[in-house]
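# A look at the structure
Listed below, chain by chain, are the residues.
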Amino acid sequence: MTSPATHKSAASAGAATGAKRRAVALFGGTFDPIHAGHIAVAQAAQRRFHLDAIYFVVSSRPPHKTQRELTPFVHRYAMVTLACAEHPGFLPSLAEAPTGTSHVFYSIDTVRRFRRAHPEDHIYFIVGADQFLEIPTWKQYESLLDACDFIIASRPGFQLDALRLVIPPEKLERGAAPNSQKVLLHESVIHLLTTVNSHVSSTEIRERLEQGKNIHGLVPARVEEYILGQALYR
């Protein structure tokens, strides 16, 4: 949900351009590699929020993952493209592709660029619960909370109250009725997505490949073929 002023602005933009107001989500990550858990989260979000498109934003240089050298962007983007090809509405994005400089990409900048390019769209940002708990460390996180709605991919035992603890109190919508699935803010809504329970992780997949173990079923079939064909993570 956005503020009435934002709704009015978006509606006016859509009317002016003749464009349908879409519901879209940005799903960012290193996707090193993209796996079945990512796809399950995206599918659940697509069903629940009737999303017209989910943009898989492959990050070339995320600010919070500097301890490990990432697989080259071209491979990670190729795997995301292969995974998206099987699902209508899933789109690989080059919004955070390398630029040839040492530039680090921040979510607030990506969301703002996307909003400038698509002012009529209702934008969601998909992120894992543990990642959202670190949002106070993100660049201009308070502005990011205002810039779009959030879809939080939950994990077993995760409580919605934990999300409220990292949100500045002044941003919370006062007098809002208690809800176990969302937190209302003045300018946006934080939604909890509880219908996915996947224990797959990119770290586990990389470790299995390093040990010569099978990853069948942990990643989309075309992604598995690409990884084996390119001898990645060996």
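Going by the structure above, here's the rest.
A brief structural summary. (Residues numbered from 1 in each chain as written. Predicted model: local features only at pLDDT ≥ 70, side-chain atom pairs only at ≥ 80, totals over all residues. Heavy atoms only, no water.)

Residue position: Pro136 is located in the loop between helix 5 (129–132) and helix 6 (141–147). Along the chain, Pro136 and Ile126 lie ten residues apart, while their C-alpha atoms are 16 Å from each other. Apart from residues lying up to four places away in sequence, Pro136 is in contact with Tyr141 and Val166. (Helix = DSSP H or I, 4+ residues; strand = E, 2+ residues; numbered from the N terminus. Contact = heavy atoms within 4.5 Å.)

With that out of the way, let us pick up the side chain of Arg206. Here Arg206 shows up in helix 8 (residues 202–210). Although Arg206 lies buried, it forms no salt bridge, and the closest oppositely charged side chain, Asp32, sits 4.5 Å away as judged by the N-O distance. Residues within four places of Arg206 in sequence aside, it is in contact with Asp32, Pro33, Arg68 and Tyr233. (Buried < 20%, exposed > 50% of the residue type's maximum accessible area, 1.4 Å probe, protein only. Lys, Arg positive; Asp, Glu negative; His and termini not counted. Salt bridge = Lys/Arg side-chain N within 4 Å of Asp/Glu carboxyl O.)

So, about the environment of Ala25. Summarising the element assignment, Ala25 is placed in strand 1 (residues 23–29). Distance in space between the C-alpha atoms of Ala25 and Ile126 is 6.6 Å, their sequence separation being 101 residues.

The next subject is the sheet that holds strand 6 (residues 182–184). Strands belonging to one sheet form pairs held by backbone hydrogen bonds; the direction of such a pair is parallel or antiparallel. The seven strands are arranged 3-2-1-4-5-7-6 in an open sheet whose pairing can be described as mixed. In this open sheet, the two strands that pair with only one neighbour each are strand 3 (90–93) and strand 6. Here the strands of the sheet are splayed against their neighbours by 25° on average, with no regard to which way each runs. In this structure, strand 4 (residues 122–128) lies alongside strand 5 (residues 149–153), joined through five bridges in parallel fashion. (Pairing = 2+ DSSP bridges. Axes fitted to C-alpha atoms, helices over the stretch in contact; angles between N-to-C directions.)

A negative phi angle is the norm for most residues apart from glycine, just as the trans form is the norm for most peptide bonds. Asp32 connects to Pro33 through a cis peptide bond whose omega is 5°. The residue Pro33 is located in the loop between strand 1 and helix 2 (36–49) in this model. Residue Phe31 is not a glycine yet carries a positive backbone phi of 50°. Within the secondary structure, Phe31 is located in the loop between strand 1 and helix 2. Its identity is not glycine, yet Gln140 carries a phi of approximately 45°, on the positive side.

Further remarks concern the packing of aromatic side chains. Inspection of every chain in the model, using the stated rule, returns ten aromatic pairs. Between Phe27 and Phe31, the aromatic rings sit 5.6 Å apart at their centres with planes inclined by 80°, giving edge-to-face as the arrangement. Residues Phe27 and Phe31 agree in their burial class; the two are buried. Aromatic pair Phe125 and Phe150: ring centres 5.6 Å apart, planes at 50°, arrangement tilted. In this pair, Phe125 sits in strand 4 while Phe150 sits in strand 5, placing the two residues 25 residues apart along the sequence. On the accessibility criterion, Phe125 (8% relative accessible area) is buried. By relative accessible area, which is 0% here, Phe150 ends up buried. The structure contains a cluster of three or more aromatic residues connected by ring pairs, namely Phe27, Phe31, Phe56 and Phe90. (Phe/Tyr/Trp six-rings, centres within 6.5 Å; stacked < 30°, edge-to-face > 60°.)

Buried together is how nonpolar side chains tend to be arranged in soluble globular proteins. Counting residues in each nonpolar core, the largest one holds 38 residues, and the members touching the most others are Ile34, Ile54 and Phe56. Counting only elements with at least two residues in this core, the list comes to strand 1, helix 2, strand 2 (53–58), helix 3 (73–84), strand 4, strand 5, helix 8 and helix 9 (221–230). At six residues, the largest contribution of residues to this core is made by helix 2. Once you skip the residues sitting within four places of it in the chain, Phe56 turns out to touch Phe27, Phe31, Ile34, Ala42, Val80, Cys84, Phe90, Leu91, Pro92 and Ser93. Within the second largest apolar cluster, 31 residues are counted, among which are Ala147, Leu160, Ile190 and Leu192. (Core = buried A, V, L, I, M, F, W, Y, C linked by side-chain atoms within 4.5 Å.)

Attention now moves to the packing of helix 3 against helix 9. Between two packed helices, what matters for the description is the angle formed by their axes and the separation of those axes. Put simply, helix 3 and helix 9 touch, their axes get as near as 8 Å, and they point 150° apart. The angle between the axes of helix 3 and helix 9 places the two elements in the roughly antiparallel class. Every pair of crossing elements has a handedness; the one defined by helix 3 and helix 9 is right-handed. Here helix 3 contributes Val74, His75, Ala78, Met79, Leu82 and Ala83 to the contact with helix 9, which in turn contributes Arg222, Val223, Tyr226, Ile227 and Gln230. Considered class by class, the residues forming the contact of helix 3 with helix 9 number eight nonpolar, two polar and one charged. (Parallel < 35°, antiparallel > 145°, perpendicular 65-115°, else oblique. Left-handed = near helix turned anticlockwise from the far one by under 90°. Nonpolar A, V, L, I, M, F, W, Y, C, P; charged D, E, K, R; others polar.)

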